[in-house]
Structure formats: C-alpha cells, structure tokens
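Each chain, written out:
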Amino acid sequence: TLNGGDSDWVTDVAKQTSYLENAVKPMVSRHQGSSAIFAYDVMNEIESVVGGSDGNWGVGATWDQARAYITAASAAIRSVDPGRLITASSGWHGYANLQKGYFSGLGLDFYDCHVYDDAGFIPDAATLGLDKPVILGEHGHTGGGNDDARQNESLIYFLYNLSAGGWAGHAIWHYDYPGSTNTHRMVNADGSWRPVGFTM
C-alpha cells in the first residue's frame with residue numbers, strides 16, 4: 001500500500017508529481033520483478049480523503065481528483081514495472097463505491113474492497129457490475145473486544161461467501177504483532193495464533 005491517507009498527493013498536483021517521481025518510481029524500480037510483491041495498492045481506502053456522503057462524510061478531494069490520482073499513480077508504476085498488478089482499495093463504503101463506478105476505467109488490474117460484518121455478508125461478485133476480478137482486501141467482525149469465537153465465525157462466513165460468490169480472493173486484516181491490542185489481530189500476546197489463524 002503506497003498511500004495510507006495523504007490527501008496532499010490527491011489534491012496538489014505538484015506534490016503528487018514529486019511523490020510519484022521521487023518516491024514511487026524508484027521504489028517500484030528497486031523491487032521490479034520481485035515475487036514477494038503481489039500487487040501495489042496505490043491508496044488504502046481513498047474515500048478517507050474524498051469529501052461528501054460517498055467519501056468521508058465531510059470535506060476533502062473530489063472523486064474526479066481521486067480518480068486522477070489513481071490513474072497517475074497507476075501510470076507511474078506501469079512506466080517502471082509494466083507487468084505488476086495494480087489496484088486501489090475501497091473501504092469506507094464497502095463495495096458500494098465499486099458499484100458506482102468510481103474505480104472503473106482507471107487502468108486497475110483488479111478491484112479491492114473492505115467489509116466488516118459478523119455474518120460475513122458480501123454479494124455475489126457478478127452483481128457488482130465490474131469489468132475486472134474483485135477481492136476482499138480486508139474483512140473481519142464488527143465492534144471491539146477480543147472475542148475469538150466471534151472473529152473466527154466471521155472469517156468462516158466470509159470464506160464461504162467468497163467462494164460461493166465468485167470473488168477472486170481475499171486478505172484478512174490483519175496479522176499484526178505480539179503484544180498488539182488491535183481487535184482484528186491474528187496473533188496472541190506471545191505470538192501464537194488466535195483460532196482465526198488456524199481457520200485461515
């Protein structure tokens with residue numbers, strides 16, 4: 001993931017260009033052809049910097065600016081490593097913004113959305129109306145706490161619905177590190193797996 005929510009790179013073209021030329025391209029060049037990298041996500045949950053009801057429910061960039069950023073970042077990566085897979089993840093509204101077409105036609109190789117739901121609900125991939133495969137890049141149970149059973153049950157539901165619904169793949173959020181207090185971590189304080197690790 002190349003951008004965790006820096007709005008300047010979306011709204012300021014000069015900063016965007018500097019970032020892509022001086023940070024992204026050299027990094028992509030360094031790792032060109034590496035089998036350790038599956039794909040580049042040009043921005044995690046880009047809705048976080050987009051204003052409005054289908055963005056962050058506040059102020060921020062327009063969807064036109066966000067789409068331009070995704071296109072520019074994808075082009076920068078491809079100019080250095082043409083064979084690398086590229087996506088941009090949608091998170092704040094689950095799969096709704098994929099259905100609205102905000103991520104379509106931007107040169108992405110697949111779509112990526114994030115959903116948190118105790119029952120693991122996701123629609124069949126075909127109903128999203130997309131022209132490329134879609135993965136569930138983040139998923140898990142809702143709410144806080146450290147409920148192993150709830151976390152594990154949610155994963156089981158998601159895995160079933162992913163398989164039955166024609167999704168191309170998934171990645172759980174997130175493995176984390178021993179001592180983390182994140183609700184969605186896969187490891188205990190001593191580094192051993194929580195039940196969800198064995199289910200995965």
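What you see is a predicted model, and the numbers here were worked out from it, not measured in a lab.

(A) The arrangement of the overall build of the protein chain in detail. Counting secondary structure elements, the protein chain contains six helices and six strands. By the compact-globule yardstick of 16 Å for 200 residues, the protein chain fits well, its C-alpha radius of gyration being 17 Å. Expressed along its principal axes, the backbone C-alpha trace of the protein chain runs to roughly 50 × 35 × 30 Å. Accessible surface computed for the protein chain: about 9,300 Å², of which carbon and sulfur atoms make up 54%. Charge separation in the protein chain, taken as the distance between the mean sites of 11 positive and 22 negative side-chain charges, equals 6 Å.

(B) Looking closely at empty space enclosed by the protein. For the coordinates displayed, the defined rule picks out one cavity of 30 Å³ or more. For the largest cavity, the calculated volume is near 40 Å³. Taken together, His139, Gly140, His141, Gln151, Ser154, Leu155, Ile172, Trp173 and His184 form the lining of the largest cavity. The element best represented in the lining of the largest cavity is helix α5 (residues 148-164), accounting for three residues. Counted by class, the lining of the largest cavity contains three nonpolar, six polar and no charged residues.

(C) View of the sheet that holds strand β5 (residues 134-140). Across the sheet, which stays open at both edges, the four strands sit in the order β3-β4-β5-β6 with parallel pairing between neighbours. Two strands in the sheet have a free side with no partner beyond their single neighbour: β3 (89-90) and β6 (169-170). Here strand β4 (residues 111-116) runs beside β5; their pairing, made up of six bridges, is parallel. Residue pairing in the sheet places Tyr116 in a bridge with Gly140 of β5. Running at roughly 170° to β5, α5 makes contact with β4, β5 and β6 of the sheet.

(D) Summary view of the layout of surface pockets. Roughly 380 Å³ of volume is contained in the largest pocket. What lines the largest pocket is a set of 19 residues, and nearest its centre among them are Thr1, Asp41, Asp112, Gly137 and Ala171. Looking at the lining of the largest pocket, the elements that each hand over two or more residues are β1 (39-41), β4 and β5.

(E) Just the pattern of salt bridges, in detail. Considering all chains together, one arrives at six salt bridges under this definition. A salt bridge links Lys25 to Glu21, with the shortest nitrogen-to-oxygen separation between them at 2.9 Å. Highlighted residues: Lys25 and Glu21, both in helix α2 (residues 13-30), separated by four residues, approximately one helical turn. Among the ionic pairs, Asp81 bridges to Arg84, the shortest N-O distance being 3.3 Å.

(F) Structural view of α5. For α5, with 17 residues, the first-to-last C-alpha span of 24 Å sits near the 24 Å given by 1.5 Å per residue. What α5 keeps buried is the set Gln151, Asn152, Ser154, Leu155, Phe158 and Leu162. Angularly, the buried residues of α5 cover 160° about the axis, an arc narrow enough to put them on a single face. Away from its buried face, by an angle of more than 90 degrees, α5 presents the exposed residues Ala149, Tyr160 and Ala164. Each element contacted by the buried residues of α5 is listed here: β4, β5, β6 and α6 (195-199). Between the side-chain oxygen at the start of α5 and the backbone nitrogen of Ala149 there is a gap of 3.1 Å, and the oxygen is on Asp147.

(G) Region of the structure containing a nonpolar patch on the surface. On the surface, Tyr175, Trp193 and Phe198 cluster together into a nonpolar patch covering about 380 Å² of accessible area. Among the structural elements, Phe198 can be located in helix α6.

(H) Highlighting the packing of aromatic side chains. As enumerated under the stated definition, the model contains six aromatic pairs in all. Geometrically, the ring pair formed by Phe38 and Phe110 is tilted, given 5.6 Å between the ring centres and 45° between the ring planes. One end of the pair, Phe38, is in the loop between α2 and β1; the other, Phe110, is in the loop between α4 (96-99) and β4, and 72 residues separate them in sequence. In this structure Phe110 comes out as buried when scored by relative accessible area, which is 6%. With 4.1 Å between their ring centres and 5° between their planes, Trp63 and Tyr102 make a pair best called stacked. You can see Trp63 sitting in helix α3 (residues 63-80) and its partner Tyr102 sitting in the loop between α4 and β4, a full 39 residues away along the chain.

Scoring rules and cut-offs
Residues numbered from 1 in each chain as written. Predicted model: local features only at pLDDT ≥ 70, side-chain atom pairs only at ≥ 80, totals over all residues. Heavy atoms only, no water. Helix = DSSP H or I, 4+ residues; strand = E, 2+ residues; numbered from the N terminus. Rg over C-alpha atoms; globule rule 2.2 N^0.38 Å. Areas by Shrake-Rupley, 256 points an atom, 1.4 Å probe, with all protein chains shown as cover. Lys, Arg positive; Asp, Glu negative; His and termini not counted. Charge placed at Lys NZ, Arg CZ, Asp CG, Glu CD. 1 Å grid on protein atoms, 1.4 Å probe; cavity = no way out; pocket = protein on both sides within 12 Å on 5 of 7 lines; lining within 4 Å. Points joined across faces, edges and corners; volume = space filled by probe spheres on them. Nonpolar A, V, L, I, M, F, W, Y, C, P; charged D, E, K, R; others polar. Pairing = 2+ DSSP bridges. Contact = heavy atoms within 4.5 Å. Axes fitted to C-alpha atoms, helices over the stretch in contact; angles between N-to-C directions. Salt bridge = Lys/Arg side-chain N within 4 Å of Asp/Glu carboxyl O. Expected span 1.5 Å × (residues − 1). Buried < 20%, exposed > 50% of the residue type's maximum accessible area, 1.4 Å probe, protein only. Arc of directions from axis to C-beta. Polar contact = N/O pair within 3.5 Å; in protein donor to acceptor, adjacent residues only side chain to side chain. Patch = residues over 30% accessible without salt bridge, like charges linked within 9 Å, V, L, I, M, F, W, Y side chains within 5 Å. Phe/Tyr/Trp six-rings, centres within 6.5 Å; stacked < 30°, edge-to-face > 60°.

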